[in-house]
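Listed here are the chains, written in short residue letters.
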Amino acid sequence: MSSIHVFPENDPDTLVRASRDPAEIAAILREVGVRFEAWEASFSFTPSAPAEEILAAYREPIEKLCREGGYPSVDVARLAPDPNDPAWPAKARAAREKFLEEHTHGEDEVRFFVHGAGVFYLRLAGQVLAVRCARGDLLSVPAGTRHWFDMGTQPDFSAIRFFGTPEGWVASFTGDAIARRFPDADALTRGAPW
Ligand SMILES: [Fe+2]
């Protein structure tokens, strides 16, 4: 389920706002200039579905968004637990750690979740907004926004990624350890006390 939890950036123990209502999530994010939309999730995919099948199913909204945002290319990022792969725990840890520290990009980070979920933490206007994106959610993190992404200890998601230029998507790490002070994706997914 999608959710938002808002904290003061210097006080991870104080929850300022929280919601699981997509319209309210979109409204809270709009206030800080971030685009969030809950698309009609007309298709459901198994983690092993070919990327071509996913892209074909959402062809129309993808093409519209690419035109609007000037994104020349898309792909599908995916991670799913594989009980038959002994290396899965190490792979999951490595994938998770890659974007777990605060960073920025030179262009918007645009993601549409077709399966599973992950949490984007956006540091904006003196706050940290933790946005749990689930199936059907589109989030566009504006270029230059300090953020991090937590896929949790058991990564399980497929997301369409929209790209401008390959260089624009390189992560520039801020060196600030802020991410470690906030509740992680597992805690937010568990719910209480959030
Ligand atoms: Fe990022």
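Residues numbered from 1 in each chain as written. Predicted model: local features only at pLDDT ≥ 70, side-chain atom pairs only at ≥ 80, totals over all residues. Heavy atoms only, no water.

Caption draft 1: Molecular detail of the pattern of salt bridges. According to the stated counting rule, one finds 16 salt bridges in the structure shown. The residue Glu102 makes a salt bridge to Arg146 at a minimum N-O spacing of 2.9 Å. In this pair, Glu102 sits in the loop between helix 4 (88–98) and strand 5 (103–104) while Arg146 sits in strand 9 (residues 146–150), placing the two residues 44 residues apart along the sequence. Owing to a relative accessible area of 35%, Arg146 belongs among the partly exposed residues under this scheme. (Salt bridge = Lys/Arg side-chain N within 4 Å of Asp/Glu carboxyl O. Helix = DSSP H or I, 4+ residues; strand = E, 2+ residues; numbered from the N terminus. Buried < 20%, exposed > 50% of the residue type's maximum accessible area, 1.4 Å probe, protein only.)

Caption draft 2: Expanded view of the packing of aromatic side chains. This model, assessed by the stated rule, comprises twelve aromatic pairs. Relative to Phe157, the ring of Phe113 has its centre 6.0 Å away and its plane inclined at 45 degrees; by these criteria the two rings are tilted. Of this pair, Phe113 sits in strand 6 (residues 109–124) while Phe157 sits in strand 10 (residues 157–163), placing them 44 residues apart in sequence. Per residue, the accessibility class of Phe113 equals that of Phe157, and both read buried. Through a chain of ring-to-ring contacts, three or more aromatic side chains come together here, namely Trp39, Phe43, Phe45, Tyr58 and Phe112. (Phe/Tyr/Trp six-rings, centres within 6.5 Å; stacked < 30°, edge-to-face > 60°.)

Caption draft 3: Representation of the UniProt feature "binding site: Ni(2+)" (unreviewed entry) in the protein chain in the model. Here the UniProt-annotated "binding site: Ni(2+)" (unreviewed entry) positions come out as His103, His105, Glu109 and His147. Spanning 45 residues, the named residues form one tight spatial group whose C-alpha atoms are at most 11.5 Å apart. Residue placement: His103 occurs in strand 5. What makes His103 buried here is its relative accessible area of 1%. (UniProt positions renumbered as here; feature names shortened; annotations may be inferred.)

Caption draft 4: Broad picture of the coordination of the iron ion. The protein atoms that coordinate the iron ion are His103 (NE2), His105 (NE2), Glu109 (OE) and His147 (NE2), at distances spanning 2.0 to 2.2 Å. Because the angles between the four donor atoms bound to the iron ion fall within 81 to 166 degrees, the donor set is best described as irregular. All donors to the iron ion come from one chain, and their sequence spacing reads H-x1-H-x3-E-x37-H. Of the two residues, His105 and Glu109, both sit in the buried class. (Donors = N, O, S within 2.8 Å, 3.2 Å for Na, K, Ca; no water. Tetrahedral: all angles 85-135°; square planar, octahedral: opposite > 155°, others 65-115°.)

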